[in-house]
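Remarks on the overall topology
As a plain string of letters, each chain reads:
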Amino acid sequence: MKHSAPRGRQLKRLACLSAATVVAGLLAAPSSGLAQAPADPGTPPGVDEVASTPNLNQVAYLPKTGPFATSTNTDWAFKGTYAFGGNYNGFTVYDISNPKAPAVAAQVLCPGSQNDVSISGNLLFLGTDSQRTNDSCDNAASTNAAPGDRWEGIKVFDISDPLTPKYVKSVKTDCGSHTQTLVPGKAGDNSVYLYVSSYNLAAADQPNCALPHDKISIVRVPLSAPASAAVVATPVLFPDGGYEGGEGKSATTGCHDITAYPEKDLAAGACMGDGVLFDISVRSAPKVITTVRDTENFAFWHSATFNNKATKVVFTDELGGGGMATCNPEIGPNRGADAIYDIVGRGSNRKLEFRSYFKIPRTNTETENCVAHNGSLIPVPGRDIMVQAWYQGGVSVWDFTDSRSPKELAYWERGPISATQFVLGGSWSAYWYNGFIYSNDIAKGVDVLELKDLRTNPARRARTDLFNAQTQDDYRTW
């Protein structure tokens with residue numbers, strides 16, 4: 001069986017798991033997760049049955065509610081005792097002051113895929129990557145309006161009171177905002193910059209997204225005057241057009257996701273056909289240091305994570321756009337996987353050198369979408385350990401301290417939504433925050449997991465007041 005990356009800008013929505021594709025009638029609430037299925041990695045758990053290693057356990061579950069009940073959950077951001085979860089219909093504010101008893105504190109109805117969130121201070125940024133009739137939260141999908149009357153981009157909210165977010169400003173960007181990366185300004189610049197990633201796979205001009213789209217949009221937000229936020233640059237990252245693509249391999253046209261490490265003046269871009277290392281010492285003018293390609297095994301460069309020392313980058317391959325069953329022997333261990341690269345050299349001579357792949361070692365059923373997706377570091381001093389979402393492959397904790405020999409330390413997964421039909425679901429993002437793992441399940445809701453392992457227990461003492469997975473900082477300062 002041959003699989004290829006999605007084609008066309010509408011098909012790119014497959015990578016976002018459009019809510020329309022989820023079979024609403026199958027979104028039944030899961031079991032509590034306390035009854036464990038057999039932990040045989042060769043025997044997938046049954047429908048809504050939970051399987052895990054003994055060191056990773058579900059301590060809370062909160063189903064989707066209200067206008068978000070049948071819409072796709074997406075990415076996370078965290079501030080203080082609140083978690084902000086994106087959804088195709090807006091975002092939910094969760095009170096996580098007691099992680100074992102999370103509660104919905106507020107919901108903001110504001111439709112527009114995929115509604116990824118990021119936070120700086122009292123500001124929340126919501127990314128819209130679908131053409132809407134206007135820039136308000138009272139909008140609809142736009143298919144017939146003239147290009148100039150369609151809107152997609154960034155919305156800015158004031159979350160000084162997390163229980164009553166207030167809409168402040170919108171900024172329209174070319175091709176919308178599939179993801180956005182928050183980068184604080186340098187000393188003396190009381191601003192944040194949003195690196196807005198978007199792309200066009202249609203191989204044709206489209207409203208608001210003309211080709212060639214080999215750029216990102218950079219939005220500057222003055223923190224003292226957020227209503228004056230505006231696009232300040234649209235740097236072309238691939239003047240040569242980037243990777244031209246191939247059978248089952250995505251061409252480069254913009255980026256899917258960028259992760260910044262501002263303290264190191266570095267960013268890593270997953271740009272569909274290219275992995276990229278950037279110098280971001282000038283925030284409004286990122287420069288490509290080096291690029292890397294994997295034309296043998298990578299279909300779609302999706303996201304990136306630095307280790308804490310910024311000497312390595314983990315790139316993910318979202319084979320099939322997140323809408324295929326790829327965790328099986330037929331696809332194998334090197335496709336739809338993570339790839340670990342060491343950063344070697346200095347300054348502008350730095351290169352990315354491939355070391356190994358990592359993929360969860362379990363076989364999923366053919367009714368489960370499973371592929372490498374969003375994760376974050378676990379703050380274990382002296383080790384490179386991360387937690388990662390694999391859609392219906394569940395949540396995996398793995399160690400890449402030895403770049404050439406990564407190994408899994410723990411996993412937790414829920415069985416398929418259906419044993420007979422392919423239904424999109426599973427963990428979109430799984431991140432470590434102040435001692436617990438929070439998973440935003442596309443179809444089900446919020447799962448809170450607790451990791452108890454001698455190898456990772458030092459991380460339980462680390463605390464931070466703000467967490468955006470795409471904006472890394474040195475966790476030794478937490």
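Going by the structure above, here's the rest.
Residues numbered from 1 in each chain as written. Predicted model: local features only at pLDDT ≥ 70, side-chain atom pairs only at ≥ 80, totals over all residues. Heavy atoms only, no water.

With that settled, the discussion passes to the pairing of strand β5 (residues 90-95). Burial of β5 is extensive: 5 of the 6 residues sit out of reach of the surface. With 6 bridges connecting them, strand β4 (residues 82-87) and β5 associate as antiparallel partners. Looking at the pairing, Y82 lines up with D95 of β5. In sequence, β4 turns back onto β5 through a hairpin of 2 residues. Across 6 bridges, the pairing between β5 and strand β6 (residues 103-109) is antiparallel. Each bridged residue has a counterpart across the sheet, and for F91 the counterpart in β6 is V108. (Buried < 20%, exposed > 50% of the residue type's maximum accessible area, 1.4 Å probe, protein only. Helix = DSSP H or I, 4+ residues; strand = E, 2+ residues; numbered from the N terminus. Pairing = 2+ DSSP bridges.)

A few words on the packing of aromatic side chains. Under the definition given, this model contains 22 aromatic pairs. A centroid spacing of 4.6 Å and a plane angle of 20 degrees characterise the contact between F78 and Y433, whose relative ring orientation is stacked. Of this pair, F78 sits in strand β3 (residues 73-79) while Y433 is found in strand β27 (residues 427-433), placing the two residues 355 residues apart along the sequence. Of the residues examined, F78 reaches a relative accessible area of 0% and is grouped as buried. Their ring planes at 80 degrees and their centres at 5.8 Å tell us that F315 and Y341 sit as a pair that is edge-to-face. Separated by 26 residues along the polypeptide, F315 in strand β20 (residues 312-317) and Y341 in strand β21 (residues 338-344) bring together distant segments of the chain. Exposure remark for Y341: the relative accessible area of 2% places this residue in the buried category. (Phe/Tyr/Trp six-rings, centres within 6.5 Å; stacked < 30°, edge-to-face > 60°.)

On the secondary structure map, E368 appears in the loop between β22 (351-358) and β23 (375-377). No salt bridge is formed by the buried E368; the nearest opposite charge belongs to R362, separated by 9.5 Å. A polar contact is formed between the side chain of E368 and the backbone nitrogen of T365, at a distance of 2.9 Å. Excluding anything up to four places from it in sequence, E368 contacts M324, A325, Q392, R414, G415, P416 and F422. (Lys, Arg positive; Asp, Glu negative; His and termini not counted. Salt bridge = Lys/Arg side-chain N within 4 Å of Asp/Glu carboxyl O. Polar contact = N/O pair within 3.5 Å; in protein donor to acceptor, adjacent residues only side chain to side chain. Contact = heavy atoms within 4.5 Å.)

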